[in-house]
Amino acid sequence: MASIESIAPDEAEAVWPLSIEAGWNQNVADWRFMLGAGRGFGLKNAAGVWEASSLVLPLGQQLAWISMVLVTRSRRSGGVGTSLLKRCLDEVKANGAVAGLDATEQGRPIYLKLGFHDLYKITRWHLEGAKDLVPPPAGVALRPFTIADLPKLPTYDRPLSGMERPTLLAHLATRQPGLAWVAETPSGKLMGFSLGREGRNAWSIGPVIADNEAVGLALISRATTAAKGPFILDVPEAHGAVRHWLEKQGAVSPRGYMRMTLGTAKKLDDPAHVFALAGPELG
């Protein structure tokens, strides 16, 4: 097996074909951000073409997200993916952090054998377009995100999501400001926010973090009317009202994930305030 190499941010366009082959939604901007904010590891063939990838994205001093474990078809079943996963785990352990990831049904048994444990189930929804706009509860108003809101987001997000991700939130908020919304009281108290980004095949809506499900659903419905669609949303299964609304809009769910960690990360096991994830690649 070839040696594992680091993937630099300027390799984003070169490694992007791996996610295209897998049918995933990431674009070059996603890869460039992830490789710049985290650490990528992969394998090249003799011609210098990337044949496999993996990623570790720090989400605070105590948590790191593992994602983008991709192997081109011709290199599968040879232990390449497992080798890259173990390289990522070595990186996480060296930094004294807990590893987190969102596992597919096929990947979950592998992670269980490595010592990961389940936190909660996630449903991926594909939505062509939203028809019904849900108003926020009384005493809460929605408005478009402004750059003045940026310092508030990490402070609000951290205790509710269990993640420290100011760089990620700033990236998403400024990358597609038209998909970014905040919920607040008349006094200006933040009650929730939603962010989004363009993808290769669809708009990705998330993270959506809010005080309660009524606010979270109002933010999701508003964000999905801010662009034509189609949309992708990864929603914890605990949120029945969000699921009911998505089904009413004609959304379909082709697959799900299991949020898992290797070790314990405070607050990460509680999706009560997480109404849409940033995505399996971003946590």
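In the block above lies the structure referred to throughout.
First, a word on scope: everything that follows refers to the structure included in this document. (Residues numbered from 1 in each chain as written. Predicted model: local features only at pLDDT ≥ 70, side-chain atom pairs only at ≥ 80, totals over all residues. Heavy atoms only, no water.)

### Structural notes on the overall build of the protein chain
Along the protein chain, the regular secondary structure elements total eight helices and 13 strands. Seen along its three principal axes, the alpha-carbon backbone of the protein chain occupies a region of about 60 × 35 × 35 Å. Burial status across the protein chain gives 50% buried among its 283 residues. Looking at the protein chain alone, contacts between residues at least 24 apart form 73% of all its contacts between residues at least 6 apart. Put simply, the protein chain shows about 12,000 Å² of open surface, and 53% of that area lies on carbon and sulfur atoms. Averaging the positions of the 30 positive and the 27 negative side-chain charges in the protein chain gives two centres separated by 1 Å. (Helix = DSSP H or I, 4+ residues; strand = E, 2+ residues; numbered from the N terminus. Buried < 20%, exposed > 50% of the residue type's maximum accessible area, 1.4 Å probe, protein only. Contact = heavy atoms within 4.5 Å. Areas by Shrake-Rupley, 256 points an atom, 1.4 Å probe, with all protein chains shown as cover. Lys, Arg positive; Asp, Glu negative; His and termini not counted. Charge placed at Lys NZ, Arg CZ, Asp CG, Glu CD.)

### Overview of helix H5 (residues 152-161)
Where H5 is concerned, the buried positions are Leu 153, Pro 154, Tyr 156, Asp 157, Leu 160 and Ser 161. Along the long axis of H5, the arc covered by the buried residues comes to 165°, so they all point the same way. Just downstream of H5, Gly 162 is the residue with a positive phi angle, here 80°. (Arc of directions from axis to C-beta.)

### Notes on the pairing of strand E6 (residues 117-127)
The sheet contact formed by E6 and strand E12 (residues 252-262) spans eight bridges and is antiparallel. Looking at the pairing, Asp 118 lines up with Met 260 of E12. Pairing geometry for E6 and strand E11 (residues 231-236), over six bridges, is antiparallel. Paired with Arg 124 across the bridge in E11 is Asp 234. (Pairing = 2+ DSSP bridges.)

### So, the nonpolar core
Residues Trp 31, Phe 193 and Leu 195 are the most contacted members of the largest nonpolar core, which totals 43 residues. Those elements that place two or more of their residues in this core are helix H1 (12-22), helix H2 (28-37), strand E3 (50-58), strand E4 (63-71), E6, H5, helix H6 (166-175) and strand E9 (190-198). With five residues, H2 is the largest single contributor of residues to this core. Apart from the residues within four sequence positions on either side, Leu 195 is in contact with Leu 153, Leu 169, Leu 172, Ala 173, Leu 179, Ala 180, Ser 204, Ile 205, Gly 206 and Pro 207. Formed by 26 residues, the second largest nonpolar core is a distinct cluster that contains Met 191, Val 208, Leu 217 and Ala 227. (Core = buried A, V, L, I, M, F, W, Y, C linked by side-chain atoms within 4.5 Å.)

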